[in-house]
Number of protein chains: 2
Amino acid sequence: MKVAVIGLGTMGAPMAANLRKGGCEVVVHNRTRGREEALVLQGATRAASPREAAAGADVVLSCVSDTPDAEAVLLDPKDGVIAGAAAGTLVIDCSTISPAGARRIAAALAARRIGFVDAPVSGGSEGAQKATLAIMCGGTEDDFARAKPVLEKIGKSIVHVGPVGCGQIAKAVNQVVIAGTYQAVAEGLCLAKKAGADPARVVAAIENGAAASWVMANRSKNMRDDRYPLGFRVRLHRKDLAIALDTARQVGLPMPSASYVATIEDGLIAQGHGDEDMSAIARAVRRNGNVADGPM
Amino acid sequence: MKVAVIGLGTMGAPMAANLRKGGCEVVVHNRTRGREEALVLQGATRAASPREAAAGADVVLSCVSDTPDAEAVLLDPKDGVIAGAAAGTLVIDCSTISPAGARRIAAALAARRIGFVDAPVSGGSEGAQKATLAIMCGGTEDDFARAKPVLEKIGKSIVHVGPVGCGQIAKAVNQVVIAGTYQAVAEGLCLAKKAGADPARVVAAIENGAAASWVMANRSKNMRDDRYPLGFRVRLHRKDLAIALDTARQVGLPMPSASYVATIEDGLIAQGHGDEDMSAIARAVRRNGNVADGPM
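What counts as what
Residues numbered from 1 in each chain as written. Chains lettered and ligands numbered in written order. Predicted model: local features only at pLDDT ≥ 70, side-chain atom pairs only at ≥ 80, totals over all residues. Heavy atoms only, no water. Helix = DSSP H or I, 4+ residues; strand = E, 2+ residues; numbered from the N terminus. Rg over C-alpha atoms; globule rule 2.2 N^0.38 Å. Buried < 20%, exposed > 50% of the residue type's maximum accessible area, 1.4 Å probe, protein only. Contact = heavy atoms within 4.5 Å. Areas by Shrake-Rupley, 256 points an atom, 1.4 Å probe, with all protein chains shown as cover. Lys, Arg positive; Asp, Glu negative; His and termini not counted. Charge placed at Lys NZ, Arg CZ, Asp CG, Glu CD. Buried area = accessible area lost by both parts, 1.4 Å probe. Salt bridge = Lys/Arg side-chain N within 4 Å of Asp/Glu carboxyl O. Least-squares fit on C-alpha atoms with pLDDT ≥ 70 in both. Domains from an automatic or database assignment. Polar contact = N/O pair within 3.5 Å; in protein donor to acceptor, adjacent residues only side chain to side chain. Nonpolar A, V, L, I, M, F, W, Y, C, P; charged D, E, K, R; others polar. Core = buried A, V, L, I, M, F, W, Y, C linked by side-chain atoms within 4.5 Å. Axes fitted to C-alpha atoms, helices over the stretch in contact; angles between N-to-C directions. Parallel < 35°, antiparallel > 145°, perpendicular 65-115°, else oblique. Left-handed = near helix turned anticlockwise from the far one by under 90°. Pairing = 2+ DSSP bridges. Expected span 1.5 Å × (residues − 1).

Visitor: Before we move on, can you summarise the overall build of chain A with the specific residues and values?
Guide: Within chain A, the regular secondary structure consists of 14 helices and 9 strands. Over its C-alpha trace chain A gives a radius of gyration of 21 Å, about what one expects of a compact globule, namely 19 Å for 296 residues. Structurally, chain A occupies a C-alpha span of about 65 × 45 × 35 Å along its principal axes. Taking all 296 residues of chain A together, 59% fall into the buried category. For chain A, long-range pairs separated by at least 24 residues make up 65% of all intrachain contacts whose partners lie at least 6 apart in sequence. As displayed, chain A has an accessible area near 11,100 Å², and 50% of this comes from carbon and sulfur atoms. Taking the average location of the 34 positive side-chain charges in chain A and that of its 30 negative ones, the two points are 3 Å from each other.

Now the structure itself:
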């Protein structure tokens, strides 16, 4: 099978490498062309544009930064995938974009009889390298069935959520849920510290009950240590939260917790913490409570 | 060992029964005396007051509703435990009260050479019945060491968090963390619904990743079904959150997420939902987003 991979960033590059390892014929393209070279050493071939990459491919997998990038790469009438892909090609977009953008892209591709699955991922760069990503998919049953064996080469949990856009909705929900959970854990840890208990022992006392979460288990130590190694960047989560909040506004849903965390992340980014792990949300809770910098 | 159990509510009554099953000689007292009768059938003896219950007991275990109740039961100079307990007695208070209240009680008891451990629990009535409670303890090493074998008859995870008050701090932190987590999960589910995805399939796609939590695993179905069977009552969580928010105010810590959820719970209680499970927090998110009543 010939797979074109477009977008060789932190996520796209290891995805391309894993597809190659999985036995696919891989063609790569990246806007900054130099990034293609490492993949060539692993047996991929290069293409000068998304159009050229898509020509002759069975599947096109895109992984770019945001909705406008995905629309440009896939739909540009001159250089986009749509200009090169044959009818019957399947496009799998692993970017995190708006559900509405995914639907627009799918409709434009469908007019050329090109299939589309939105397939945003979670699990970070480590998950991309180890092929253990969780992948949330939106598309028809047929398109999902075609996408699944490809996605199984780059991820572990591949779930068909519903029609086109539903993968992006699931990703947006994921980002909303973690936003509030990080904030809640940060408030709890700072309360422990300020009220006079050892936050580590408080965590040990509550982490296996109703307060249990992935965030508590995997990120509360960052908050206690006041060190925020990656992980998942604040600025990337803020971008994803913008998609979730825009979608919520369009459908008339107030999300006070997610909205609050978005403003906190804006503050962190403005103060130079945008490239820290999003557990840095604890910085704001600490600062508002006048908790001293450093381990708590 | 002779254990006096004071307060035979939803939690205290099964605790007394489990202490009896565990081989303790059990004396019971409850303000509404009729509740003592079921325990007498299980081999306990009755006492007419906390003072009388404490007389001759090795350990006094109290489980009442709030800080003023605990202070009255333990410190009343005429009828309280302090009037009946001999020097060397150990008081274990399983009520959820303020950390400051626990410290006041411990200081008053210490003046009579009576030991004290604050030992609030989580795990609900089911945990109390099955003796699987998680118990968060505050007290000296010596007092904790004496309390532990008693608590092992009523709970499963017995953690010494720190000095007196630290058990209550851990409980307050627990309630703060779950408050924000419920809100976050409710916002996420309503976003899924309003944006056009099946909330159950979205949960399936994200519940094992960074969005994983006890709340997601055990209570998101209530929110989807729009049915809120107990569980843990909204009004009891709101009472516990008042303790957490008062403590935070005293130590100068803003907790915006917990504060927001407290106002939402006030609204739910005013509207007659106080005796539902606290997953009913989803009612407010649903209503604000105009999500139709019933399963989503």
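Continuing now.
Visitor: Please provide a residue-by-residue account of the interface of chain B and chain A, values included.
Guide: Across the boundary between the two partners, chain B contributes 57 residues, which contact 57 residues of chain A. Counting the surface lost from both chain B and chain A, the interface buries some 4,600 Å², and carbon and sulfur atoms represent 71% of this. Of all residues in chain B, E187, L191 and L253 of chain B give up the largest surface area on contact with chain A, accounting jointly for 13% of the area buried on that side. Across the chain B-chain A interface, the total number found is 0 salt bridges. When contributions to the side of chain B that touches chain A are tallied by element, the ones reaching two or more residues are β9 (155-162), α9 (166-195), α10 (199-206), α11 (214-225), α12 (234-251), α13 (256-270) and α14 (281-288) of chain B. Residue contributions to the side of chain B that touches chain A peak at 21 residues, all from α9 of chain B.

Visitor: Now, about the relation of the copies chain B and chain A: what can you tell me, with residues and values included?
Guide: Least-squares fitting of chain B to chain A yields an RMSD of 0.0 Å, with the superposition described by an axial translation of 0.0 Å and a rotation of 180°. Look at the turn and shift together and you get a two-fold axis relating the two. When C-alpha positions in chain B are compared against the rotation axis, the closest is assigned to S213 of chain B, at 1.9 Å. In this assembly the copies share their binding face: 100% of the residues contributing to the interface of chain B also contribute to that of chain A.

Visitor: Describe helix α1 (residues 12-21) of chain A, and please don't skip the residues or the numbers.
Guide: Counting along an α-helix, one turn takes 3.6 residues, and residues three or four places apart therefore face a common direction. Residue and element names in this part refer to chain A. By the criterion of burial, α1 is predominantly enclosed, with 8 of the 10 residues buried. G12, A13, P14, M15, A16, A17, N18 and L19 are the residues of α1 that are buried. G23 occupies a position one or two residues after α1 and carries a positive phi of about 95°.

Visitor: Help me get a handle on the domain arrangement of chain A, residues and values and all.
Guide: Residues and elements named next belong to chain A. Each assigned domain of chain A is listed here: domain 1 (2-163) and domain 2 (169-288). Taken together, the contacts link 11 residues of domain 1 with 7 residues of domain 2. Contact between domain 1 and domain 2 buries roughly 840 Å² in total, counting both sides, with carbon and sulfur atoms accounting for 67%. Interface area lost by domain 1 to domain 2 is led by T96, P99 and M136, which between them contribute 49%. Linking domain 1 with domain 2 are 0 salt bridges. On inspection of domain 1 and its partner domain 2, the count reaches 4 residue pairs in polar contact (both at pLDDT 80 or more). The residue inventory of the side of domain 1 that touches domain 2, partitioned by class, reads 6 nonpolar, 3 polar and 2 charged.

Visitor: Which residues make up the nonpolar core, and what values go with them?
Guide: In terms of nonpolar packing, the biggest core is built from 100 residues, with L191 of chain A together with L191 of chain B touching the most fellow members. Excluding residues within four positions of it along the chain, L191 of chain A makes contact with I169, A172, V173, V176, A244, T247, A248, L253 and M255 of chain B. Within the second largest apolar cluster, 33 residues are counted, among which are A13, V117, A119 and I158 of chain A.

Visitor: Explain the side chain of N18 of chain A to me, using residue names and the numbers behind them.
Guide: Residues and elements named next belong to chain A. On the secondary structure map, N18 appears in helix α1. In this structure the side chain of N18 is engaged in a polar contact, spanning 3.4 Å, whose partner is the backbone oxygen of Q129. Setting aside chain neighbours within four positions, we find N18 in contact with A128, Q129, A131, K153 and I154.

Visitor: Just give me the short version of the packing of helix α4 (residues 67-75) of chain B against helix α6 (residues 99-110) of chain B, but keep the residues and values in it.
Guide: Residues and elements named next belong to chain B. Closest axis-to-axis distance for the α4/α6 pair is 10 Å, and the angle between their directions is 5°. On the basis of the axis angle, α4 is roughly parallel to α6. Each of T67, A70, E71, L74 and L75 in α4 lies in contact with α6, whose residues at this interface are G101, R104, I105, A108 and L109. Its residues assigned to classes, the contact of α4 with α6 comprises 6 nonpolar, 2 polar and 2 charged.

Visitor: So what's going on with unusual backbone geometry? Which residues, and what values?
Guide: For the bond running from L230 of chain A to G231 of chain A, omega is -20°, close enough to zero to count as cis. Note that G231 of chain A resides in the loop between α11 (214-225) and α12 (234-251). Positive phi is not limited to glycine here, since R113 of chain B has a value of about 60°. Residue position: R113 of chain B is located in the loop between α6 and β6 (115-118). On the basis of relative accessibility, which here comes to 65%, the residue R113 of chain B falls in the exposed class.

Visitor: Talk me through the packing of α9 of chain B against α14 of chain B; I want residue IDs and the actual numbers.
Guide: Relative placement of two packed helices is described by the angle separating their axes and the distance separating the axes. Residues and elements named next belong to chain B. Packing of α9 against α14 brings their axes to within 9 Å, and their N-to-C directions diverge by 40°. It follows that α9 is oblique to α14 by the angle criterion. The hand of the α9/α14 crossing is right-handed. Two secondary-structure elements touch here, α9 through Y182, Q183, A186, E187 and C190 and α14 through I281, A282, V285 and R286. Across the contact of α9 with α14, the residue classes break down as 6 nonpolar, 1 polar and 2 charged.

Visitor: If you had to explain the pairing of strand β4 (residues 59-62) of chain A to someone new, which residues and values would you point to?
Guide: Residues and elements named next belong to chain A. Along β4, one buried face is formed by V59 and L61 and the opposite face, lined by V60 and S62, is buried too. Pairing geometry for strand β1 (residues 2-6) and β4, over 4 bridges, is parallel. If you follow V3 over to β4, its bridge partner there is V59. Note: β4 against strand β5 (residues 90-93), 4 bridges, orientation parallel.

Visitor: Kindly report on α6 of chain B, identifying the contributing residues and their values.
Guide: The first and last C-alpha atoms of α6 of chain B sit 16 Å apart over 12 residues, in line with the 16 Å expected at 1.5 Å per residue. As for α6 of chain B, its buried residues are in contact with α4, α5 (81-84), β5 (90-93), β6, α9 and α12 of chain B.

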